[in-house]
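A structural walkthrough
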Amino acid sequence: VTVSRATAGFCAWLKQCVPDAAERGICVARDARPNSDAFQRDVMEVAAAAGVPVHAFDEVVPTPVLAFAVLRLRAAGGVMITASHNPPGYNGYKVYWENGAQIIPPNDAGIAAEIEAAANAGEIPRLPLEEARELGLLRAVDALRETYVEAVADELPPGEARPPLRIAYSALHGVAERTFRQVFARAGFEDLYSVLEQSSPDGTFPTVAFPNPEEPGAMDRVLALGAEVDADLVIANDPDGDRVGAAARSSDGFEILSGNDIGVLLADDLLHQGDPNAQRVVLSTVVSSPLLGPVAESHGARWEQTLSGHKWIQNRALELEQEGYHSVFGYEEALGYAASTLVRDKDGIS
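A short tour of the structure in this document, coming up. All values derive from a computational prediction rather than experimental measurement. (Residues numbered from 1 in each chain as written. Predicted model: local features only at pLDDT ≥ 70, side-chain atom pairs only at ≥ 80, totals over all residues. Heavy atoms only, no water.)

**Points about the overall build of the chain**
Regarding its fold elements, the chain presents twelve helices and 14 strands. Relative to the compact-globule value of 20 Å for 350 residues, the chain shows a C-alpha radius of gyration of 20 Å, a close match. Its C-alpha atoms give the chain principal-axis dimensions of roughly 65 × 45 × 35 Å. Considering the chain as a whole, with its 350 residues, one finds that 54% of them fall into the buried category. Partitioning the contacts of the chain with sequence separation of at least 6, the portion at a separation of at least 24 is 71%. (Helix = DSSP H or I, 4+ residues; strand = E, 2+ residues; numbered from the N terminus. Rg over C-alpha atoms; globule rule 2.2 N^0.38 Å. Buried < 20%, exposed > 50% of the residue type's maximum accessible area, 1.4 Å probe, protein only. Contact = heavy atoms within 4.5 Å.)

Spelled out as structure tokens, the structure:
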């Protein structure tokens, strides 16, 4: 009921605000949680019946791949069925606008009003998927996952020797394992060991109560694997691949890095790599460490703070780019990082 009415409201608002929405369509994907496949089907059937073409991933994919697809296909918007790092009883409906970022005012309020005005779920028109496919209103876009892999890996400086890092990794039963491994292999990091019992998508999360790398105990198995294989670095994605936790080897085993540790280190590294003469900006949220400010200043870059959430980071970055700034990096302390403008959201893989 909720998904059907939300989709009806989203499509109605899109057609009001994006003149060519009926040509550009929306991208739709899902994670591996219980009922995510049914909810994705609801989105596709309702959108197609509303005359909005659907670019759909048949396979489960990480959230950043869906956000990437919205930009790459110039879609009018996107829907990702995921509850990210929440426990297994949850699911969620994440909405992207045509700029590739999650919705902010006035679009959130506009969509909410259209949802309120929508018919009862049983009265909302639906178009069976086979019929939608025959009419050209349903298009498979699974090949875009490979495009994402290539685009992200190829952003690393070409010809640069990769350090011989041994990495222990866990997808925490989520959907990032395959994509993560392919990105890292293409980028030249091949000494990678996975927690096998957490490597296949399973929305019941049988070995971890709360599949968030921030939660105490969530990274226990990958830390144990790191010790077993003598890894240099331990990495864990959350179940939809938009967050990343890390631990680095120290004299006493592994030190889990905080969300602010990772954010400041990534910002400093990206600012070291970029053109110091460009007008560069890095962004963080008001609940994240202000240390990003002096780090940016040391590189001659601008620092801005936003409200909490990458929807605010990305929409502000897009505004600043219109003013001539080059957006380098954005982060929030809850393990959410945007290291590339290929995706206008947090991306735990890039």
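There is more to say, and it comes next.
**Focus: helix H1 (residues 2-17)**
For H1, which comprises 16 residues, the first-to-last C-alpha distance of 22 Å matches the rise-based estimate of 22 Å (1.5 Å per residue) to within 8%. Of all the positions in H1, only Val3, Ser4, Ala6, Thr7, Gly9, Phe10, Cys11, Trp13 and Leu14 are classed as buried. As for H1, its buried residues are in contact with helix H2 (21-24), strand E1 (26-30), helix H3 (36-49), strand E3 (77-81), strand E4 (93-97) and helix H5 (107-117). (Expected span 1.5 Å × (residues − 1).)

**Some remarks on the sheet that holds E1**
Taken together, five strands build an open sheet; the order of strands is E4-E3-E1-E2-E5 and the sheet is mixed. Edge positions in the open sheet fall to E4 and strand E5 (138-140), since each of these has one partner strand only. Between one strand and the next, the sheet's axes are offset by a mean angle of 20 degrees, whatever the strand orientation. Where E3 meets E4, five bridges bridge the pair, whose relative direction is antiparallel. Bridging across to E4, Val79 finds its partner in Val95. Along the sheet, H3 contacts E1, strand E2 (54-56), E3, E4 and E5; its crossing angle with E1, the most-contacted strand, is approximately 165 degrees. (Pairing = 2+ DSSP bridges. Axes fitted to C-alpha atoms, helices over the stretch in contact; angles between N-to-C directions.)

**Brief notes about the layout of surface pockets**
Estimates place the volume of the largest pocket at around 1400 Å³. Forming the walls of the largest pocket are 42 residues, and the residues nearest its centre are Leu156, Leu266, Asp269, Leu270 and Ser350. Contributing elements (two or more residues each) for the lining of the largest pocket: helix H7 (143-153), helix H8 (177-187), strand E8 (233-237), strand E9 (244-250), helix H10 (259-273) and strand E13 (326-332). No other element matches H10, which puts six residues into the lining of the largest pocket. Looking at the lining of the largest pocket residue by residue, the class counts come to 27 nonpolar, eight polar and seven charged. (1 Å grid on protein atoms, 1.4 Å probe; cavity = no way out; pocket = protein on both sides within 12 Å on 5 of 7 lines; lining within 4 Å. Points joined across faces, edges and corners; volume = space filled by probe spheres on them. Nonpolar A, V, L, I, M, F, W, Y, C, P; charged D, E, K, R; others polar.)

**Considering the packing of aromatic side chains**
Per the counting criterion, the structure on display carries seven aromatic pairs. Ring plane angle 20 degrees and centroid distance 6.1 Å describe the contact between Phe329 and Tyr331, whose orientation is recorded as stacked. One exposure class covers both Phe329 and Tyr331, and it is buried. For the pair Phe329 and Tyr337, a centre-to-centre distance of 6.4 Å together with 10 degrees between the ring planes defines the contact as stacked. (Phe/Tyr/Trp six-rings, centres within 6.5 Å; stacked < 30°, edge-to-face > 60°.)

**A short note on the pairing of strand E6 (residues 167-170)**
What you see with E6 is no split at all: Ile167 and Tyr169 on one side and Ala168 and Ser170 on the other are buried throughout. Alignment of E6 against strand E7 (residues 192-194), held across three bridges, turns out to be parallel. Its bridge partner being in E7, Ile167 is matched across the sheet by Leu192. For the crossover that starts at E6, traverses H8 and ends in the parallel E7, the hand is right-handed. (Right-handed = clockwise from strand over helix to strand, strands pointing away.)

**Topic: the nonpolar core**
If you look at the biggest cluster of nonpolar residues, it comprises 51 residues, and the most contacted ones within it are Phe57, Leu66, Tyr148 and Val183. Beyond its immediate chain neighbours, meaning those up to four positions away, Val183 contacts Tyr148, Val149, Val152, Ala153 and Ile349. (Core = buried A, V, L, I, M, F, W, Y, C linked by side-chain atoms within 4.5 Å.)

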